[in-house]
There are 4 protein chains.
Amino acid sequence: MECLEKTTIRNEELQKKIKIRLNKIEGQVRGVSKMIDDNRYCDDILIQLSAINSSIKSLANQLLTLHMHSCVIDNIKNGNDAILDEVVSLFKKFQ
Amino acid sequence: MECLEKTTIRNEELQKKIKIRLNKIEGQVRGVSKMIDDNRYCDDILIQLSAINSSIKSLANQLLTLHMHSCVIDNIKNGNDAILDEVVSLFKKFQ
Amino acid sequence: MECLEKTTIRNEELQKKIKIRLNKIEGQVRGVSKMIDDNRYCDDILIQLSAINSSIKSLANQLLTLHMHSCVIDNIKNGNDAILDEVVSLFKKFQ
Amino acid sequence: MECLEKTTIRNEELQKKIKIRLNKIEGQVRGVSKMIDDNRYCDDILIQLSAINSSIKSLANQLLTLHMHSCVIDNIKNGNDAILDEVVSLFKKFQ
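Description of the structure in this document. Source: prediction; values computed, not measured.

### Observations regarding the relation of the copies chain C and chain D
Thought 1: Under the fitted operation, chain C is carried onto chain D by 0.0 Å of movement along the axis and a turn of 180°, and the coordinates agree to an RMSD of 0.0 Å. When the rotation and shift are considered jointly, the pair of chain copies conforms to a two-fold rotation axis.
Thought 2: Same-surface contact between copies: 100% of interface residues of chain C are shared with the interface of chain D.

Here it is as structure tokens:
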């Protein structure tokens, strides 16, 4: 993964892996839509929504790890410390 | 909204409203996939993932409110207090 | 536990149990203060703060369960359904 | 703030500021204990517990910001990239 100014070049394999996870999340959302069609019980639907939240957090954690070890390191080594405030801001958004 | 045993009958209008929100969430997820194709910056992608989380929580809150005022009330009035433990369990899942 | 209008009568044993947990949480907070005196490493302090958050959530979950099986049930059986909106509001606060 | 190996030297003024915030949080916890003595309504107590959680998160965000701009930068400039995994681990703990 390579970090240019506000662009992140991911190799084909990584892009593919991330998109597989996003496709699964999309499938989970469509699954809930189907549950609504089928008049499924509210509690089951809410459990499913919390599962989607978990999938998103898990993907976010993976992307943050990659981001830290590429863009964040590169920027700090180049003296652009402001990138750390972006990370703190993400920290708050996911709290 | 009517609450049968582990089935929730929603009227057509409500079904439609919920599905519109789910379609929007599905669109948000597809949007992130597109951002991966476009080599968009990690931080922007993570912000977008946290926005999806917020959409899901907001939908969950609406569904929980409806659930409370139909299934939960009906069950308690019929002496089935165990439904409250389901609600506590959801409380933990979304914490 | 008995639920009067906006007052909750807890028996002595329950009061004692809850206060023991609150004392432990108070001790955890004092422990962090001591860590600041000792110039302890930021990451260790942050881990400790997240542990306090977990203790608070765990106590909140216990109190919510008791609340559900006393005040919430009583109020619904007396036709005061508005108490459910209080629960949804708590749900959002702890999300 | 100065970052030694697993020790963080904070100047007197910063120590004082952090301890004032911790004292306030300790006071909030004692306040909940007093509410239990006074048989205060569960919902009010739970709202208070969520307020303590918010105080802790807010302090954690401040400490993380300081940590980022001292220990994290120093470590990365010295080639110790492993510190970023600590940050990701905190990210998960506060999620």
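Next comes the rest of the write-up.
### With respect to the packing of helix 1 (residues 12-37) of chain D against helix 2 (residues 42-77) of chain D
Residue and element names in this part refer to chain D.
Thought 1: Orientation of helix 1 relative to helix 2, taken along the N-to-C sense of each, is 170°, at an axis distance of 10 Å. With respect to helix 2, the element helix 1 is oriented roughly antiparallel. For the element pair helix 1 and helix 2, the recorded crossing hand is left-handed.
Thought 2: Within the contact of helix 1 with helix 2, the residues separate by chemical class into 16 nonpolar, five polar and two charged.

### Focus: the pattern of salt bridges
Where side chains of opposite charge bring their charged atoms close, a pairing between them can arise.
Thought 1: With the rule as written, the count across this model stands at 21 salt bridges over all chains.
Thought 2: Linking A:Lys17 and A:Glu13 is a salt bridge whose minimum nitrogen-to-oxygen distance equals 3.6 Å. Taken together, the positions of A:Lys17 and A:Glu13, both in helix 1 (residues 12-37) and four residues apart, correspond to about one turn of that helix.
Thought 3: A salt bridge links A:Arg30 to A:Glu26; its shortest N-O distance comes to 3.3 Å. Separated by four residues within a single helix, A:Arg30 and A:Glu26 lie in helix 1, roughly one turn from each other.
Thought 4: The class of A:Arg30 is partly exposed, set by a relative accessible area of 42%.
Thought 5: Through salt bridges with shared partners, one network takes in A:Glu26, A:Arg30, B:Glu26 and B:Arg30.

### Some points on the nonpolar core
Thought 1: Counting 128 residues, the largest nonpolar core has A:Leu49, B:Leu49, C:Leu49 and D:Leu49 as the members making the most contacts within it.
Thought 2: Every residue in contact with B:Leu49, bar those within four places of it in the chain, is listed here: A:Leu22, A:Ile56, A:Leu59, A:Ala60, A:Leu63, A:Phe94 and B:Val32.

### Remarks on the environment of D:Cys71
Thought 1: Mapping D:Cys71 onto the fold places it in helix 2.
Thought 2: Judged by its relative accessible area of 0%, D:Cys71 falls in the buried class.
Thought 3: Separated by 20 residues in sequence, D:Cys71 and D:Ala51 have C-alpha atoms that sit 29 Å apart.
Thought 4: Among all residues touching D:Cys71, those that are not within four sequence positions of it are C:Tyr41, C:Cys42, D:Cys3, D:Thr8 and D:Ile83.

### Topic: the interface of chain A and chain B
Thought 1: At the junction of the two partners, chain A supplies 45 residues and chain B supplies 45 residues.
Thought 2: Together, the buried faces of chain A and chain B total about 4300 Å²; carbon and sulfur atoms form 64% of this surface.
Thought 3: The largest share of the area that chain A buries against chain B comes from A:Asn39, A:Tyr41 and A:Leu46, three residues that together contribute 16% of it.
Thought 4: On the surface where chain A and chain B come into contact, there are four salt bridges.
Thought 5: A salt bridge links A:Lys19 to B:Asp37; the nearest nitrogen and oxygen atoms lie 2.6 Å apart.
Thought 6: For the side of chain A that touches chain B, the elements supplying multiple residues, two or more each, are strand 2 (7-9), helix 1, helix 2 (42-77) and helix 3 (83-93) of chain A.
Thought 7: The element contributing the most residues to the side of chain A that touches chain B is helix 2 of chain A, with 17 residues.
Thought 8: Residue composition of the side of chain A that touches chain B, by class: 25 nonpolar, nine polar and eleven charged.

Procedures and definitions
- Residues numbered from 1 in each chain as written.
- Chains lettered and ligands numbered in written order.
- Predicted model: local features only at pLDDT ≥ 70, side-chain atom pairs only at ≥ 80, totals over all residues.
- Heavy atoms only, no water.
- Least-squares fit on C-alpha atoms with pLDDT ≥ 70 in both.
- Contact = heavy atoms within 4.5 Å.
- Axes fitted to C-alpha atoms, helices over the stretch in contact; angles between N-to-C directions.
- Helix = DSSP H or I, 4+ residues; strand = E, 2+ residues; numbered from the N terminus.
- Parallel < 35°, antiparallel > 145°, perpendicular 65-115°, else oblique.
- Left-handed = near helix turned anticlockwise from the far one by under 90°.
- Nonpolar A, V, L, I, M, F, W, Y, C, P; charged D, E, K, R; others polar.
- Salt bridge = Lys/Arg side-chain N within 4 Å of Asp/Glu carboxyl O.
- Buried < 20%, exposed > 50% of the residue type's maximum accessible area, 1.4 Å probe, protein only.
- Core = buried A, V, L, I, M, F, W, Y, C linked by side-chain atoms within 4.5 Å.
- Buried area = accessible area lost by both parts, 1.4 Å probe.

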